[in-house]
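Take a look at the letters that make up each chain.
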Amino acid sequence: MPYERYVREKILNPLDIKVGEAGFRLSDIHHKERLVEHYAFNASYLKEWRRQLPQLDVTQSNVTNWLHIPFFSIPDYPSGLMRMSAVSLSLFLRMFMNNGSSLLHPHSIVEIRTSVDGVVPYQNLHSPSNQSPLPPPKYGLIWNWQTMPDGRRFIGHNGVMPGATNLMVINEQDTI
């Protein structure tokens, strides 16, 4: 069974995420005007964006100091860029919070929540973001744990693509 069909039949349909509301390709989305546009801050980098990623066709936005990045595909599909609304994503998150509901066995949720020792995320040693006061996250199966300075722990998943960042997290008690 093709991957996209498997995701549709085994994950999206049982969560009642309708055809046309989620997908890996823009052609899967029926109402593209409902998708969040991609933007990057600091228009002074326009030439650099165009030099490094000419295929993205980055342009100056109508909003001061922002660049607009048109929708794009990625060559390492399906490792990222599944498009869906926040409402659809919340259906997936609620399934996780409800111990798998009818989609996953509770043992699978336990496995997903288990952090794996020795997983080191890619870090740019020269990045200012390495100055974070937070300890590095711990990783499991598509999910990661982050401990805050006050000891609270959160589990979630995030993703970053040019002009778009997403983050969904819940606390250790499975509440938002």
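That block above? That's the structure.
All figures in this text were calculated on a predicted structure; none of them were measured in a lab. (Residues numbered from 1 in each chain as written. Predicted model: local features only at pLDDT ≥ 70, side-chain atom pairs only at ≥ 80, totals over all residues. Heavy atoms only, no water.)

Trainee: Please give an account of the overall build of the protein that cites residues and values.
Mentor: Each helix and strand in the protein was counted, giving four helices and nine strands. Starting at the N terminus, the α and β elements of the protein follow one another as α-β-β-α-β-β-β-α-α-β-β-β-β. When the backbone C-alpha atoms are referred to their principal axes, the protein occupies close to 50 × 40 × 25 Å. By the burial criterion, 26% of the 176 residues in the protein qualify as buried. Intrachain contacts of the protein at a sequence separation of at least 6 include 45% that bridge at least 24 residues. Entry remark: accessible area of the protein is about 12100 Å², with carbon and sulfur atoms responsible for 57%. (Helix = DSSP H or I, 4+ residues; strand = E, 2+ residues; numbered from the N terminus. Buried < 20%, exposed > 50% of the residue type's maximum accessible area, 1.4 Å probe, protein only. Contact = heavy atoms within 4.5 Å. Areas by Shrake-Rupley, 256 points an atom, 1.4 Å probe, with all protein chains shown as cover.)

Trainee: Just give me the short version of the pattern of salt bridges, but keep the residues and values in it.
Mentor: For the coordinates displayed, the defined rule picks out seven salt bridges. In this structure, the salt-bridge partner of arginine 25 is glutamate 4, at a minimum N-O distance of 2.7 Å. Taken together, the residues span a long stretch of sequence, with arginine 25 in the loop between strand S1 (22-23) and strand S2 (38-41) and glutamate 4 in helix H1 (residues 3-12) at a distance of 21 residues. The exposure class assigned to arginine 25 is partly exposed, which follows from its relative accessible area of 37%. Of the residues examined, glutamate 4 reaches a relative accessible area of 23% and is grouped as partly exposed. Of the charged contacts in the structure, one is a salt bridge between arginine 5 and glutamate 9, with a shortest N-O distance of 2.9 Å. In this pair, arginine 5 and glutamate 9 are both assigned in helix H1, four residues apart and thus about one turn of the helix distant. The class for arginine 5 is partly exposed, based on a relative accessible area of 44%. (Salt bridge = Lys/Arg side-chain N within 4 Å of Asp/Glu carboxyl O.)

Trainee: Report on a nonpolar patch on the surface, specifying residues and quantitative values.
Mentor: Nonpolar side chains collect at one region of the surface, where Tyr39, Phe41, Val63 and Trp66 lie side by side and expose about 390 Å² of accessible area between them. Relative to the helices and strands, tyrosine 39 resides in strand S2. The partly exposed category is assigned to tyrosine 39, whose relative accessible area is 34%. (Patch = residues over 30% accessible without salt bridge, like charges linked within 9 Å, V, L, I, M, F, W, Y side chains within 5 Å.)

Trainee: Give me the lowdown on the sheet that holds S2, citing residues and values where you can.
Mentor: Reading across the sheet, the three strands line up as S2-S4-S3 and stay open at both edges, with antiparallel pairing between neighbours. Of all the strands in the sheet, the pair left with one neighbour each is S2 and strand S3 (59-60). As paired elements, S3 and strand S4 (residues 66-69) share two bridges and run antiparallel to each other. The partner of threonine 59 across the bridge, within S4, is histidine 68. (Pairing = 2+ DSSP bridges.)

Trainee: I'd love a proper account of the sheet that holds strand S9 (residues 164-171), names of residues and values included.
Mentor: Taken together, the four strands give an open sheet; going across it, the order is S6-S7-S8-S9, and neighbouring strands pair in antiparallel fashion. The open sheet is flanked by strand S6 (138-139) and S9, the only strands paired with a single partner. Bridge analysis of strand S7 (residues 144-147) against strand S8 (residues 153-161) gives four bridges, and the strand direction is antiparallel. Along S8, the bridge assignment pairs glutamine 146 with phenylalanine 154. Here helix H3 (residues 86-97) sits on the sheet in contact with S8 and S9, set at roughly 30 degrees to S9. (Axes fitted to C-alpha atoms, helices over the stretch in contact; angles between N-to-C directions.)

Trainee: Tell me what's going on with the packing of aromatic side chains, and back it up with residues and numbers.
Mentor: Under the definition given, this model contains four aromatic pairs. Ring plane angle 45 degrees and centroid distance 5.5 Å describe the contact between tyrosine 3 and phenylalanine 24, whose orientation is recorded as tilted. Within this pair, whereas tyrosine 3 is found in helix H1, its partner phenylalanine 24 is found in the loop between S1 and S2, the two being separated by 21 residues in sequence. Accessibility expressed as a relative area gives 43% for tyrosine 3, which makes it partly exposed. A residue is classified by how much of its surface remains accessible, and phenylalanine 24, at 11% relative accessible area, is buried. (Phe/Tyr/Trp six-rings, centres within 6.5 Å; stacked < 30°, edge-to-face > 60°.)

Trainee: Describe in detail the side chain of asparagine 171, supporting the description with residues and values.
Mentor: The residue asparagine 171 is located in strand S9 in this model. Using a relative accessible area of 14% as the deciding quantity, one classes asparagine 171 as buried. A polar contact is formed between the side chain of asparagine 171 and the side chain of threonine 175, at a distance of 2.7 Å. (Polar contact = N/O pair within 3.5 Å; in protein donor to acceptor, adjacent residues only side chain to side chain.)

These values are about where atoms sit, not about what they do.
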